[in-house]
Amino acid sequence: MYAVEVKDLVKYYGSFMALKGITFHVDEGDIYGLIGPNGAGKSTTLRILATLLKPSSGVARIFGYDVDKDADRVRRIISYLPEEAGGYKYLTGFEYLSMNAKMYDPENFREYVEYGIEISGLGDRIYDRIGSYSKGMIRRLLLARALMMKPRLAILDEPTAGMDVVHATVIRDIIKNVAREDVTILLSSHNMLEVHYLCNKISLINEGRIVASGSPSEIIDSVNASNLEEAFVRLVRG
Ligand code: ATP
């Protein structure tokens with residue numbers, strides 16, 4: 001069984017076709033990257049998989065569960081880091097993690113929170129109000145929330161968006177470590193270097209279509225490119 005199976009997925013916003021029949025699959029244990037330019041359809045795909053948007057047609061399953069028909073079951077085994085998230089600025093980071101962990105498992109929430117604090121790397125700042133955090137710190141807190149429960153699948157929409165190089169590196173290492181704990185990861189990014197470092201498999205997506213899937217080196221070799229950026233340009237231009 002695939003961790004994620006997407007077949008002929010189509011999404012219309014009104015009359016605009018944002019996804020034009022997307023097909024790919026993610027194996028259990030993968031760190032899988034969806035990459036492509038602004039407006040390619042990455043967030044739309046991830047939001048459908050996170051059960052937040054309904055597909056117009058096609059199939060999307062997570063560990064065999066249909067994201068449309070079995071949405072409740074899907075929600076129990078995934079976590080989702082949205083592209084833009086804020087809110088909760090009056091809580092401390094610690095309260096935010098505790099609140100989420102308690103909803104998930106009221107009896108054992110402490111151990112999740114402890115792991116979340118470790119993932120966040122916020123140290124004592126975890127006891128400060130979220131309103132006093134920088135953008136990068138908020139992103140690390142939200143990532144900790146998404147990963148602390150060790151979901152079977154973590155769906156991360158641009159996990160390093162808006163981060164400086166140092167923090168982006170920290171986040172990539174966190175994702176790699178969590179993936180060793182039986183968490184399958186599906187993420188999106190614009191950053192070709194990032195996905196090359198992080199992902200064992202990727203799909204390049206452009207204007208609602210997948211233009212290539214495979215390991216980064218397979219894709220680079222398939223068009224005789226020297227890096228992913230060059231491969232992407234060649235594939236998009238045909
Ligand atoms: P980015 O890298 O900029 O986040 P993306 O690859 O995640 O881009 P999507 O957010 O999935 O792209 O958007 C795909 C297309 O669908 C874009 O043309 C976008 O304008 C359009 N779109 C997204 N959400 C809506 C919406 N709610 N209503 C109408 N059009 C939308």
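Regarding the sheet that holds strand β2 (residues 16–26)
The pairing of strands in a sheet happens through backbone hydrogen bonds and is either parallel or antiparallel.
For step 1, the next point in the chain: Strand order in the open sheet made by the 4 strands is β2-β1-β4-β5, with antiparallel pairing throughout. The open sheet is flanked by β2 and β5 (65–66), the only strands paired with a single partner.
For step 2, the next point in the chain: Across 2 bridges, strand β4 (residues 57–62) lies against β5 in antiparallel orientation. Bridge pairing in β5 places R61 opposite D66.

Re helix α4 (residues 109–120)
For step 1, the next point in the chain: Taking 1.5 Å of rise per residue, the 12 residues of α4 would be expected to cover 16 Å, and the 16 Å separating its terminal C-alpha atoms lies within 8% of that figure.
For step 2, the next point in the chain: Among the residues of α4, those classed as buried are F109, Y112, V113, Y115, G116, I117, I119 and S120.
For step 3, the next point in the chain: Trailing α4 by a residue or two, G121 shows a phi angle of about 65 degrees, which is positive.

Re the nonpolar core
One broad trend across soluble globular proteins is that nonpolar side chains are buried collectively.
For step 1, the next point in the chain: In this structure, L97, L147, L156, I175, I185 and L187 are the most contacted members of the largest nonpolar core, which totals 50 residues.
For step 2, the next point in the chain: Ranked by the residues each element gives to this core, the list is headed by helix α5 (residues 135–148), at 8 residues.
For step 3, the next point in the chain: With residues up to four places along the chain from it excluded, the contact list for I175 reads I31, L143, L156, P159, I185, L187 and L198.
For step 4, the next point in the chain: Ranked by size, the runner-up nonpolar core spans 28 residues in total, among them V4, L46, A50 and L53.

So, the packing of α5 against helix α6 (residues 165–179)
For step 1, the next point in the chain: For the pair α5 and α6, the least separation of the axes is 12 Å and the interaxial angle reads 5 degrees. Viewed along their axes, α5 and α6 adopt a mutual orientation that is roughly parallel. Here α5 contributes R140, L143 and L147 to the contact with α6, which in turn contributes H167, I171, I174, I175 and V178.
For step 2, the next point in the chain: A breakdown of the residues in the contact of α5 with α6 according to their chemical character gives 6 nonpolar, 1 polar and 1 charged.

Considering the site of the ligand
For step 1, the next point in the chain: By nearness alone, 14 residues border the ligand, and G39, K42, S43, T44 and H190 come closest of all.
For step 2, the next point in the chain: In this structure, T44 approaches the ligand through a side-chain N or O atom, which is 2.5 Å from an oxygen atom.
For step 3, the next point in the chain: Protein contacts shield 62% of the accessible area of the ligand, which totals 640 Å² for the unbound molecule.
For step 4, the next point in the chain: Top contributing element to the shell around the ligand by residue count: helix α1 (residues 42–49), with 3 residues.

Notes on the packing of α4 against α5
What describes two packed helices is the angle between their axes and the distance between those same axes.
For step 1, the next point in the chain: Between α4 and α5, the least distance of the axes is 8 Å, while the angle of their chain directions is 140 degrees. Classified by the interaxial angle, the pair formed by α4 and α5 is oblique. Crossing hand, α4 versus α5: right-handed. Counted together, Y112, V113, Y115, G116, I119 and S120 of α4 and R140, A144, L147 and M148 of α5 form the full contact between these two elements.

Here is what the cut-offs are and how they apply
Residues numbered from 1 in each chain as written. Predicted model: local features only at pLDDT ≥ 70, side-chain atom pairs only at ≥ 80, totals over all residues. Heavy atoms only, no water. Pairing = 2+ DSSP bridges. Helix = DSSP H or I, 4+ residues; strand = E, 2+ residues; numbered from the N terminus. Expected span 1.5 Å × (residues − 1). Buried < 20%, exposed > 50% of the residue type's maximum accessible area, 1.4 Å probe, protein only. Core = buried A, V, L, I, M, F, W, Y, C linked by side-chain atoms within 4.5 Å. Contact = heavy atoms within 4.5 Å. Axes fitted to C-alpha atoms, helices over the stretch in contact; angles between N-to-C directions. Parallel < 35°, antiparallel > 145°, perpendicular 65-115°, else oblique. Nonpolar A, V, L, I, M, F, W, Y, C, P; charged D, E, K, R; others polar. Near = heavy atom within 4 Å. Polar contact = N/O pair within 3.5 Å; in protein donor to acceptor, adjacent residues only side chain to side chain. Areas by Shrake-Rupley, 256 points an atom, 1.4 Å probe, with all protein chains shown as cover. Left-handed = near helix turned anticlockwise from the far one by under 90°.

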